[in-house]
Amino acid sequence: MSPTYLDCNATTPLEPEVKDLLLHFLVEEFGNEGSRTHEYGARAKQAVQKARDQVAAVVAAKRDEVIFTSGATESNNIAILGLRSAGREQEKRHVITTAIEHKAVLEPCAALEQEGFEVTRLPVTSGGFVEPEAVQTALQPDTLLVSIMQANNETGIRQPLDRVAEILADHPAYFHTDAAQGFGKDIETLRNPRIDLISISGHKIYATKGIGALIVRRRGYERPPLKPLAFGGGQERGLRPGTLPVALIAALGEAAEIAVRDHAKRRQINLRIRERAMTALAKLNPRFTGELSRSLDHVINVAFPGLDSEALMLALKDLVAISNGSACTSSSYSPSHVLKAMGMSDDEANACVRISWCHLMPEVDWDVIVNRISGLR
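Residues numbered from 1 in each chain as written. Predicted model: local features only at pLDDT ≥ 70, side-chain atom pairs only at ≥ 80, totals over all residues. Heavy atoms only, no water.

*Asks:* Describe the pattern of salt bridges, listing the residues and the values that go with them.
*Replies:* If you walk through the whole model with that rule in mind, you get 25 salt bridges. Its salt-bridge partner being arginine 237, residue aspartate 64 comes within 3.8 Å of it at the nearest N-O pair. Separated by 173 residues along the polypeptide, aspartate 64 in the loop between helix H2 (39–58) and strand E2 (66–69) and arginine 237 in the loop between strand E8 (212–216) and helix H8 (246–261) bring together distant segments of the chain. With relative accessibility at 24%, the residue aspartate 64 sits in the partly exposed group. Between aspartate 262 and arginine 261 there is a salt bridge, and its shortest N-O distance comes to 2.8 Å. Via salt bridges that share partners, Asp64, Arg218, Arg223 and Arg237 belong to a single interconnected network. (Salt bridge = Lys/Arg side-chain N within 4 Å of Asp/Glu carboxyl O. Helix = DSSP H or I, 4+ residues; strand = E, 2+ residues; numbered from the N terminus. Buried < 20%, exposed > 50% of the residue type's maximum accessible area, 1.4 Å probe, protein only.)

Encoded structure:
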């Protein structure tokens, strides 16, 4: 038997309804959305437009504010690097982000820095979140962009986006959030109209890998002045060229709609799993990472006295699939930059593992897991 999958922050299984729709558009309705001379193309276009509506509805945006991409990494790059021309033209070369962002935000910010922009990387508390007052203090007249993730991928800790939005109410800086982990899960936060740019990934909400979106909200009648990073074809309002993957887009749209429809039911299931996990793991004297009251319902980051994460994962690999950091950097043995930013030592950071689940997981026998861990000491 395969181990129980408890790494849903890395990627999620396909929702059954999403799988059915995906196969329909892969096999039966395989038309090109750009083909305007026949019914196959027309039906493909209808599917894409429906998916735009479905994705937009999650964040209370409009259909034409949804730009489909390959995932949150590409969306982050377009949101950040796509503003550099405007920054130069307007002489606004200051960017604010946090020390715990995903590399898909930190590295584009570093690229701007190499081009003469100033980047402020805000520290976080030991609880894993940035203080809104730190954003207020860092703001400058020439601040072009503030980029703060919705929820951290390693710890599950939600960031105070609503409070930051209030701080930015009278400042013209664009507000971007990497919402890969929170889209469709922490729903109301992303409906704040002051958030200009929202990056999402399909494979975090029970759709497929290789598809995502960037929400580009208008302010009144004006869109954020993004420039494309690639050229050729003019699809997606000229921001993201290339033939649209209709099947993947339809799957993302379906997953987005289901996320809203089933939000309460999923939350109830995830909280029940969380309660059982916390109760069972309490026997091991665990050290939980971050302020748990701010955590998403489906994830915990935890360490156990006397055990490092590599030894723990090796010992549990036949029981559960868990991780010790972002899937994008898990091949690296250096301590997590997120946990280090929270004030942990190398040894403390290297002891932490991330356990993340979802409503599609089978029942977890936490007592068996606890007994296995107890035997390692």
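Still more to cover.
*Asks:* Residue-level account of the pairing of strand E5 (residues 143–147), with values.
*Replies:* Extensive coverage of E5 is indicated by the burial of 5 of its 5 residues. Taken together, the 3 bridges between strand E3 (residues 94–98) and E5 define a ladder with parallel strand orientation. If you follow valine 95 over to E5, its bridge partner there is leucine 145. Both E5 and strand E6 (residues 174–178) contribute to a ladder of 3 bridges, which runs parallel. Bridge pairing in E6 links leucine 145 to tyrosine 174. On the question of chirality, the crossover connecting E5 to the parallel E6 by way of helix H7 (residues 161–167) is right-handed. (Pairing = 2+ DSSP bridges. Right-handed = clockwise from strand over helix to strand, strands pointing away.)

*Asks:* Any details on helix H13 (residues 366–374)? Residues and values, ideally.
*Replies:* Three or more residues of H13 are buried, namely Trp366, Ile369, Val370 and Ile373. Burial along H13 is one-sided: seen end-on, the buried residues are contained in an arc of 100°. Contacts made by the buried residues of H13 are with helix H9 (263–281), helix H10 (309–316), strand E11 (320–321) and strand E12 (353–356). (Arc of directions from axis to C-beta. Contact = heavy atoms within 4.5 Å.)

*Asks:* Quick rundown of the environment of proline 335? Include the residues and the values.
*Replies:* Relative to the elements of secondary structure, proline 335 occurs in the loop between E11 and helix H11 (337–341). In this structure proline 335 comes out as partly exposed when scored by relative accessible area, which is 24%. When the C-alpha positions of proline 335 and aspartate 346 are compared, they lie 5.8 Å apart, and in sequence the two are 11 residues distant. Other than its neighbours up to four places away in sequence, proline 335 contacts Lys340, Asp346, Ala349 and Asn350.

*Asks:* I'd love a proper account of the environment of leucine 292, names of residues and values included.
*Replies:* With respect to the helices, strands and loops of the structure, leucine 292 is situated in the loop between strand E9 (287–288) and strand E10 (299–303). Residues leucine 292 and arginine 354 lie 62 residues apart in sequence; the distance between their C-alpha atoms is 13 Å. Apart from residues no more than four positions distant in its own chain, leucine 292 is found in contact with Arg274 and Met278.

*Asks:* Give a description of the packing of aromatic side chains that names residues and reports values.
*Replies:* Inspection of the entire model under this criterion finds 1 aromatic pair. Ring plane angle 25° and centroid distance 5.6 Å describe the contact between phenylalanine 30 and tyrosine 40, whose orientation is recorded as stacked. With phenylalanine 30 in the loop between helix H1 (16–28) and H2 and tyrosine 40 in helix H2, this pair connects stretches of sequence that are 10 residues apart. A cation over a ring is seen here: arginine 93 above phenylalanine 117, with NZ or CZ 5.7 Å from the ring centre. Note that arginine 294 overlies the ring of phenylalanine 129, its terminal NZ or CZ placed 3.6 Å from the centroid. (Phe/Tyr/Trp six-rings, centres within 6.5 Å; stacked < 30°, edge-to-face > 60°. Lys NZ or Arg CZ within 6 Å of the ring centre and 35° of its normal.)

*Asks:* So what about helix H5 (residues 103–114)? Which residues, and what values?
*Replies:* With 12 residues, H5 should reach 16 Å at 1.5 Å per residue; the first-to-last C-alpha distance of 16 Å fits that figure. For H5, the complete set of buried residues consists of Ala104, Val105, Leu106, Pro108, Cys109 and Leu112. Looking one or two residues past H5, glycine 116 carries a phi angle of roughly 100°, positive in sign. (Expected span 1.5 Å × (residues − 1).)

*Asks:* Pulling in residues and values, what's your account of the packing of H1 against H8?
*Replies:* Contact geometry of H1 with H8 gives a least axis separation of 8 Å together with a crossing angle of 160°. The orientation of H1 relative to H8 falls into the category roughly antiparallel. Helix-helix and strand crossings are classified by hand; for H1 and H8 the assignment is right-handed. Mapping the contact onto sequence places Glu17, Val18, Leu21, Leu22, Phe25 and Leu26 in H1 and Val246, Ala247, Leu248, Ala250, Ala251, Glu254, Ala255, Ile258 and Arg261 in H8. When the residues that make up the contact of H1 with H8 are grouped by side-chain class, the tally is 12 nonpolar, no polar and 3 charged. (Axes fitted to C-alpha atoms, helices over the stretch in contact; angles between N-to-C directions. Parallel < 35°, antiparallel > 145°, perpendicular 65-115°, else oblique. Left-handed = near helix turned anticlockwise from the far one by under 90°. Nonpolar A, V, L, I, M, F, W, Y, C, P; charged D, E, K, R; others polar.)

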